[in-house]
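In case you want the letters, here they are:
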Amino acid sequence: MNIICFVLAGLVFISGLFIHAESAIQQTVQYLIFVIASVFLCTGFIITSIYQLMDNFNKNNTHAQSSHYNKESDVLDNLHKAVVEKSNASDTWTCKKCGCVNPDTASQCKDCGEYK
Ligand SMILES: [Zn+2]
């Protein structure tokens, strides 16, 4: 889009150069053509800067989204770690029959002989 504007500006400028400005009307037309060429040139620069701004905005946006996502996955990671640590911490089991706490390594209750 911005390239089209630059090309149009160049074409209009060149067409203005080819006009033989002899009469006052032709001189006015040539003047207008140079004005239009400079307008196209400015439009091209403005569109280029808009593109750059949009690019920067998109980059910032995706960066913000990815950091937000990282935070969420960090929370999930910590939660997962906490669950794993908790399950590792309970290396004992409670007997269903007598309520006696036995080590995880024992398959039978040390008090009543009930299976785990
Ligand atoms: Zn028991």
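Note that the coordinates shown come from a computational prediction; the quantities given were computed from them, not determined experimentally.

A few points about the overall build of the chain
Helix and strand content of the chain: two helices and two strands. Secondary structure elements of the chain occur, N-terminal to C-terminal, as α-α-β-β. The burial tally for the chain puts 4% of its 116 residues in the buried class. In the chain, once contacts between residues fewer than 6 apart in sequence are set aside, the share between residues at least 24 apart is 32%.

Side note on the environment of Ile47
With respect to the secondary-structure elements, Ile47 resides in helix α2 (residues 24-89). Looking at Ile47, the number of C-beta atoms within 10 Å reads 16, which means it is partly exposed. In this structure the C-alpha to C-alpha distance between Ile47 and Met1, which are 46 residues apart in sequence, comes to 7.6 Å. Non-local contacts of Ile47, meaning those with residues more than four positions away in its chain, are made with Met1, Asn2 and Cys5.

Remarks on the environment of Val7
Mapped onto the fold, Val7 is located in helix α1 (residues 2-18). Between the alpha carbons of Val7 and Phe40 there is a distance of 8.7 Å; along the sequence they are 33 residues apart.

Procedures and definitions
- Residues numbered from 1 in each chain as written.
- Predicted model: local features only at pLDDT ≥ 70, side-chain atom pairs only at ≥ 80, totals over all residues.
- Helix = DSSP H or I, 4+ residues; strand = E, 2+ residues; numbered from the N terminus.
- Buried ≥ 20, exposed ≤ 12 C-beta atoms within 10 Å, placed from the backbone.
- Contact = placed C-beta atoms within 7 Å.

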